[in-house]
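Chain and residue survey
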Amino acid sequence: MPSTFAMIAALLGDLDNSDGQGHVFYRVDSNVDVLRRASLHISQAFPTDEEAAPHSVLVVTWVNMAAQGSTGRGDGLDRNTFQLVVAFMTSSACAILLYPTDGLQFLSTSIGGEHKVLEAGFNEGVVKGWFKSSQGTYFQTTTDDEASVRALTQKTNSGRRGVWVFEVGPSRLFAAIIPGIVPLEGGATTDTQSTDAKSPSVQPENHDPDLVQPGYTSPSPTDPEYTPVEPEYPTPDLVQPRYISPVPGQSQPQQPQIVVVDEDEDLNVNVFAYSSEKCVDNKHKCSVFADCRDYSTGYCCHCRPGYYGNGKDCVPDGKPQRMNGKLNGRLFVGATPVELSNNDLHSYVVVNDGRAYVAISNIPKSVGPSLQPLSSLGGVIGWAFALEQRGYKNGFSLIGAVFSRQAEVIFYPGNERLNIRQQFVGIDEHEHLVVNTEVEGHLPTVPLGSSVHISPYKEIYQYDRDLITSSSNREYTITLPDGTVDTRSYQWRQTITFQSCPHSEDLRTTQQLSVDQIFVWFDDQNELIRYAMTNKMGSVHSGVEESNPCFTGHHGCDINAVCRAGEGLQFTCECAAGFTGDGYYCYGNKEENDYPVDHCQKGSHNCDVPERAVCSYTGGSAFVCSCLPGFEGDGRVCRDVDECQQDRCHRDAFCSNTLGSYSCQCGPGFEGDGVQCNPREKTQCESERDNAQSFKPESSGFFSFFRPRPIINQFIPQCDQYGAFEPTQCHTSIGQCWCVDANGQEVPDTRTGSESPPLCINQAVTPAPVGPTPRPAIKPVAPGAHLLFAQSGRIHHVPLDGYSMKKEEAKPLLHVPDRVVIALAYDCVDKMVYWTDITGPAISKASMSGGDVIPSPEGLAIDYVSRLLFWTDSMRDTVEVSRLDGSHRRVLFDSDLVNPRPIVTDPTYGKLYWADWDRDGPKIEMSNMDGTDRTVLVKDDLGLPNGLTFDTDSQQLCWADAGTRVVECIDPHRRQRKRIVDGIQYPFAVVSFGRKLYYTDWRREAVVAVDRTSQTETEEFLPQMRSRLYGITTTTTHCPQAYNYCLNNGGCSHLCLPRVGGFSCRCPDAAAADGQCVEGNA
């Protein structure tokens, strides 16, 4: 500064966000909570003024900005995050600047080869006067000293560290900039102005009123009156690092929202946001048995009456709960190592008396007896569903079913140490909690045949935001086979981490878990270890124990009932939701009257007919009606939209409106899909016709101004709509007609008079366009299709009704235990599902494993015509091919690949497309299936091209990019690129089906539908089990009609690989030198 243009500089320097990790967000907001917070900041900065009443605010946030020239491969760069809020009032405005109080990570940038200190302040720019223009006044809150920039995060003029407030408004002759006047408590003022002036400059003395220039005047560098006062920056006090976020002073500081892109933690964005999350956009994240409630700082989910949990996970009161999982790890029993691999862990708890049962199977005899003291290995479900004493809550009520647990056990007297790590991942489709357990360390030896008795114990749980800690000392006695009794003990310390709702204060600081009636037993015959215990959650203080049977567990209610405490010893039993009876005996409720009603599934909604509208279940008994694409209305009454009135087709195409859709067809002389039309090359007939119709005089001068015209009596060929010669040609000037062949040559002995033209046979063949041409019309999709998507070790399928997902009929298709399914592909000929598994690693299909084990397979594609399987390998950096049974494996490409991911095929033209996640240069490539004609198709404006799909009907290659957060398509033949939708979150895979694209999103944990025509998201499917979704594909009842030269293997001995206009016979890598394979091209 100063500069020629007006600006508010929150932090001015050469900043860079080109690596995809830095972002700039902005919005205009008039939300009541946002305006209230802005008013609070202003009032804190100007306590003597009247309360500010902004009517709107502009919020601009710079996130993870790096210094120009410092970006490159890898993370770990210094990055700055800061925010500007401009609050607009009736007669003025206020600028609120927020900086992170744990400090900026860099204080200068390189400009013109020199390091320049970052600047902050206000600049009026060039002011146009009555006679001339001049530089307006500027106001800096920093100097050329880095200490002044550092002080932005350590000091304040509004009473809150890192928050700066300035009033910007007009005075009589110039726009005043008035800084806040409240310093940090106990510190010197941080006002950047002198005490005798509120504005950065003093109004210039001017004796001639006629020469007064309106607005700011240019400050004179020699006049101290115009020199901004340099602020003093005393040594800042040490403070705990935290981020300032605009929240009310009397409330807890709001933690910045963490937006995490999971792949390699590439983006870790701390976004300062005013009330950015509300129920209207997030209620789907709550349990179907919960209500979403808005708070001033965000939203929270709360279970409805009759249910309990943290709102994200809710279960019926009184209903027994189950937990399933796997146990893995390596233990040393004495000096003997023991491996545990995918041992089944099952647990069951009767909630209304707090009794929990745990069983772990396939435990070898070498370790089983020594595991008996560890009742809490699976007994965490006892804490989660402990019997709640009056006014206290068990673990599930507070934190739900998603959390992490880490425990350390120290055994005495031998000081053996054991670490336990457990990951609770939610509730599965069977309404069971799911846990993965890992153990590592040493156990003291307990001889086979020994029994173990664990004494009752109490454990204090200390609760904090997103963290629970506890510890206890536990004694146990071992009765050896000879009757000898040995008393031992161990110390147990654990930490539980979870994500709580930061806007609600439900957590208690301390609670005590009381565990008694502990039973342990190792069944060496069945290699099974069992635990049982009774759990109660209550106060840490000793006092009169609860005597009501609901709190002691001695009530006699059915195990599927909840005990309701009354006065004294009175209580009632009520059957849990989904059960019917008197509470002492409950049986399954077939009608499920106590459960919310899904009116969409039952058909009891009032939405329009399915041909025009869709009913979407939103939880409880609620639903919403929405019109299908191509219709408009409130969902209860929908009317057809005439897309032809919206210029959806190309200007050189014909548009035909249909019910709920439309079709586009390019006009004569053009080719394309109707949405895009390009002039096609003239045929012989069209060239001769145009030449005959054009006549340009050879002379110049006056006659050259006339337009070309046909020669009188000249014959003009007639062409059909495809540019071919009409079979019957007539010359009206001479009154004769005749037949022609495909080249326009007259067929002998066919000339007649024009009154009776001859009957001619059309010998012309419609000329093939240059390159594949999309089908000209948008047509409806065939019925009976399904979506398949991968989620951890399961493959789910969702039926499609037209383009709509029939969510109520979604169900698992295949369970692949202990595997992570990545990519999916479907063979429409044999109706087989193929998938890649990175834990195997292997490529498999639904009925049997594929051929060889293929390391680190990523993307997967099938050519159903040639019966070929293609995949990318991110470890070997290869693109490979084999037959569908896994035989005849061959590497197509092993160079210029860094991290190849998705891959797709175009069987009709023998083309192959794949994306490479090279972070220094991401790209999308294509080649023929035989490996020839490899070329880079897209290399600009790519980030992390995750998903890739090819639509054979429109000849469009589409991809979803997790780096740029867009979905785009390109015509690979004409290189015409089009953005479909932007602002998506973290897509993983995408598939095309008709005019729709369906992609899986890691952050939303959903399948999202996008209409390519309207370029909007139209639908979302959230699976019941919430976790990352991976690959996605479609299944159809019939294969699309296609042909290539490798049908029936093309006569090749081993691999037939198609290409445009032919094919190549190729040998697999393992048989290249055995003399039995013959290569060649055809």
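Along each chain, numbering runs from 1 in the same order as the chain's sequence is written. A pLDDT threshold of at least 70 governs which residues receive local features in this predicted model, and a stricter bar of 80 or more applies before side-chain atom pairs are shown or counted, although totals over entire chains, interfaces and linings include all residues. Neither water nor hydrogens contribute to the side-chain values; these are computed over all heavy atoms in the structure.

1. Observations concerning the overall build of the protein
Scanning the protein from N- to C-terminus turns up eight helices and 75 strands. Only protein chains enter the accessibility calculation, which uses a 1.4 Å probe. A residue is then buried if its area is under 20% of the maximum for its type, exposed if over 50%, and partly exposed in between. Looking at the protein as a whole, 49% of its 1082 residues qualify as buried. Only carbon and sulfur atoms are counted for the fraction: they give 49% of the accessible area of the protein, which is about 51,000 Å². By definition, any uninterrupted DSSP run of H or I lasting at least four residues is a helix, any uninterrupted run of E lasting at least two residues is a strand, and each is numbered from the N terminus. Here the Shrake-Rupley method, with its probe set to 1.4 Å, supplies the accessible areas, and only the displayed protein chains count as covering residues.

2. Focus on the sheet that holds strand S1 (residues 7-12)
At least two DSSP bridges between two strands are needed for those strands to be called paired. Here three strands make up an open sheet; going across it, the order is S1-S9-S12 and the pairing antiparallel. The open sheet has two free edges, formed respectively by S1 and strand S12 (138-140), since each of these has just one partner strand. Along the sheet, successive strands turn relative to each other by an average axial angle of 15°, direction set aside. Note: S1 against strand S9 (residues 119-123), four bridges, orientation antiparallel. Within S9, the position partnered with Leu-12 by the bridge is Glu-119. Fitting a line to C-alpha atoms yields each axis, with helices limited to the stretch in contact; the angle taken between N-to-C directions then spans 0 to 180 degrees.

3. Remarks on the UniProt feature "domain: EGF-like" (unreviewed entry) in the protein
With numbering matched to this structure, UniProt assigns "domain: EGF-like" (unreviewed entry) to residues 546-587, 596-639 and 640-678. Secondary structure over residues 640-678 splits into 0% helix and 46% strand, and the C-alpha atoms at its two ends are 30 Å apart. UniProt positions are given in the numbering used here, feature names are shortened, and annotations may be inferred rather than shown by experiment.

4. Things to note about the sheet that holds strand S55 (residues 842-845)
Spatial ordering of the open sheet is given by S53-S54-S55, a layout of three strands whose pairing is antiparallel. Two strands lie at the open edges of the sheet, namely strand S53 (821-827) and S55, each paired on one side alone. When the angles between neighbouring strand axes are averaged without regard to direction, this sheet yields 20°. As judged from the five bridges shared by S53 and strand S54 (residues 832-837), these two strands associate in the antiparallel manner. Residue pairing for S54: Leu-824 is matched across the bridge by Trp-835.

5. Some details on unusual backbone geometry
Cis geometry is adopted by the peptide bond preceding Pro-413, which originates at Tyr-412 and carries an omega value of 15°. One can find Pro-413 in the loop between strand S25 (402-412) and strand S26 (417-427). The backbone phi angle of Lys-831 is positive, close to 55°, even though this residue is not glycine. Tracing the backbone through its elements, the reader meets Lys-831 in the loop between S53 and S54. Lys-831 sits in the partly exposed class, given a relative accessible area of 43%. Look at Gln-1015: it is not a glycine, yet its phi comes out positive at around 60°. Relative to the helices and strands, Gln-1015 is located in the loop between strand S70 (1006-1011) and strand S71 (1016-1021).

6. Quick word on a nonpolar patch on the surface
For patches, a residue must show more than 30% relative accessible area and have no salt bridge; joins then use 9 Å for like charges and 5 Å for nonpolar side chains, namely Val, Leu, Ile, Met, Phe, Trp and Tyr. The term salt bridge refers to a side-chain nitrogen of Lys or Arg lying within 4 Å of a carboxyl oxygen of Asp or Glu. Together, Tyr-1043, Tyr-1045 and Leu-1047 make up an exposed nonpolar region whose accessible area comes to about 330 Å². Accessibility expressed as a relative area gives 41% for Tyr-1045, which makes it partly exposed.

7. Let's talk about the pairing of S70
Burial within S70 is extensive, with six of its six residues counted as buried. Here S70 shows two buried faces, one formed by Ala-1006, Val-1008 and Val-1010 and the other by Val-1007, Ala-1009 and Asp-1011. Pairing geometry for strand S69 (residues 996-1001) and S70, over six bridges, is antiparallel. Across the sheet, the residue bridging to Thr-1000 is Val-1007, located in S70. Here S69 hands over to S70 after four residues, with Glu-1005 in that stretch at a positive phi of 50°. The pairing of S70 with S71 spans five bridges and is classified as antiparallel. Bridging from a neighbouring strand, Val-1010 pairs with Glu-1017 of S71. Adjacent in sequence and paired antiparallel, S70 and S71 are bridged by four residues, among which Gln-1015 carries a positive phi angle near 60°.

8. Focus on the nonpolar core
Buried Ala, Val, Leu, Ile, Met, Phe, Trp, Tyr and Cys residues form a nonpolar core when they are joined through side-chain atoms within 4.5 Å. Within the largest apolar cluster, 63 residues are counted, with the highest numbers of intra-cluster contacts made by Trp-383 and Phe-385. It is strand S32 (residues 510-523) that provides the largest number of residues to this core, a total of five residues. Whether two residues touch is decided by their heavy atoms; if any such pair falls within 4.5 Å, the residues are in contact. Setting aside residues up to four positions removed in sequence, Phe-385 forms contacts with Tyr-308, Val-315, Gln-321, Val-349, Val-351, Gly-354, Asn-394, Phe-396 and Leu-433. With 46 residues, the next largest nonpolar core counts Tyr-803, Ala-825, Tyr-826 and Ile-1032 among its residues.

9. Regarding the side chain of Glu-880
Turning to its location among the elements, Glu-880 is positioned in strand S58 (residues 878-883). The contact partners of Glu-880, leaving out residues within four places of it in the chain, are Leu-869, Phe-870, Trp-871, Asp-873, Arg-889, Arg-890, Val-891 and Leu-892.

10. Description of helix H1 (residues 32-45)
What a helix should span is 1.5 Å times the count of its residues minus one. Between its first and last C-alpha, H1 extends 20 Å over 14 residues, near the 20 Å set by a 1.5 Å rise per residue. Taken together, the buried positions of H1 are Asp-33, Val-34, Leu-35, Arg-37, Ala-38, Ser-39, His-41, Ile-42 and Ala-45.

11. So, the pattern of salt bridges
Inspection of every chain in the model, using the stated rule, returns 34 salt bridges. Among the ionic pairs, Asp-827 bridges to Arg-867, the shortest N-O distance being 2.6 Å. Pair noted here: Asp-827 is in strand S53 and Arg-867 is in the loop between strand S56 (857-863) and strand S57 (868-873), with a separation of 40 residues, a long-range link. With relative accessibility at 24%, the residue Arg-867 sits in the partly exposed group. Salt-bridge contacts for Asp-1011 lead to Arg-995; the nearest nitrogen and oxygen are separated by 2.9 Å. A residue pair is termed long-range when its members are at least 10 positions apart, and Asp-1011 in strand S70 and Arg-995 in the loop between strand S68 (987-993) and S69 qualify at 16 residues. The exposure class of Asp-1011 is buried, given its relative accessible area of 3%. Here the residues in one salt-bridge network are Asp-317, Arg-564 and Glu-574, joined through shared partners.

12. Side note on the state of the cysteines
The disulfide criterion used throughout: a pair of cysteine sulfur atoms within 2.5 Å. Considering all chains together, one arrives at 19 disulfides under this definition. Note that Cys-575 is cross-linked by a disulfide to Cys-586, the S-S spacing being 2.1 Å. With the S-S bond torsion at -90°, the cross-link from Cys-575 to Cys-586 turns out left-handed. A residue pair is termed long-range when its members are at least 10 positions apart, and Cys-575 in strand S35 (residues 571-575) and Cys-586 in strand S37 (residues 586-588) qualify at 11 residues.

13. Here's the deal with the side chain of Asp-863
Structurally, Asp-863 is set in strand S56. No salt bridge is formed by the buried Asp-863. Its closest oppositely charged neighbour is Arg-867, at 7.3 Å. Side-chain atoms alone can form a polar contact between residues adjacent in sequence; in general such a contact is a pair of N or O atoms within 3.5 Å, and within protein one must be able to donate a hydrogen while the other accepts it. In terms of polar contacts, Asp-863 uses its side chain to reach the backbone amide nitrogen of Val-865, at 3.0 Å. If we ignore the near neighbours within four places in the chain, the residues touching Asp-863 are Leu-868, Phe-870, Thr-905, Pro-907, Met-929, Asn-1044 and Pro-1058. When charges are counted, Lys and Arg contribute as positive and Asp and Glu as negative, whereas His and the chain ends are disregarded.

14. Here's the deal with the environment of Tyr-834
Locating Tyr-834 in the fold gives a position in strand S54. Distance from Tyr-834 to Leu-869, taken between C-alpha atoms, is 9.5 Å for residues 35 residues apart in sequence. Those residues in contact with Tyr-834 that sit more than four places away from it in its chain are Ala-823, Leu-824, Ala-825, Asp-827, Ser-844, Lys-845, Leu-860, Ile-862, Leu-869 and Leu-884.

15. Let's talk about the pairing of strand S46 (residues 728-731)
Covered by surrounding structure in S46 are Gln-729 and His-731 only, the residues Thr-728 and Cys-730 on the alternate face being uncovered. In this sheet, strand S47 (residues 736-739) lies alongside S46 in antiparallel orientation, the contact comprising four bridges. Counterpart to Gln-729 in the pairing with S47 is Trp-738. The hairpin turn running from S46 into S47, its antiparallel successor, is four residues long, and Gly-735 in that turn takes a positive phi close to 70°.

16. Here we look at the environment of Arg-636
Note on placement: Arg-636 falls in the loop between strand S40 (631-633) and strand S41 (638-640). Sequence separation of Arg-636 and Val-614 is 22 residues, and the distance between their C-alpha atoms is 9.3 Å.

17. Overview of the packing of aromatic side chains
Note on aromatic pairs: the rings of Phe, Tyr and Trp (six-membered ring only in Trp) are paired at centre separations within 6.5 Å, and the planes decide the class, stacked below 30 degrees, edge-to-face beyond 60, tilted for the rest. Taken as a whole and assessed by the stated rule, the structure comprises 22 aromatic pairs. Relative to Phe-1021, the ring of Phe-789 lies with its centre 6.1 Å away and its plane at 65°, an arrangement referred to as edge-to-face. Of this pair, Phe-789 sits in strand S49 (residues 786-791) while Phe-1021 is found in strand S71, placing the two residues 232 residues apart along the sequence. There is no split in this pair, since Phe-789 and Phe-1021 are both buried. Plain terms: the ring middles of Trp-1002 and Tyr-1030 are 5.5 Å apart, the flat faces sit at 75° to each other, and that makes the pair edge-to-face.

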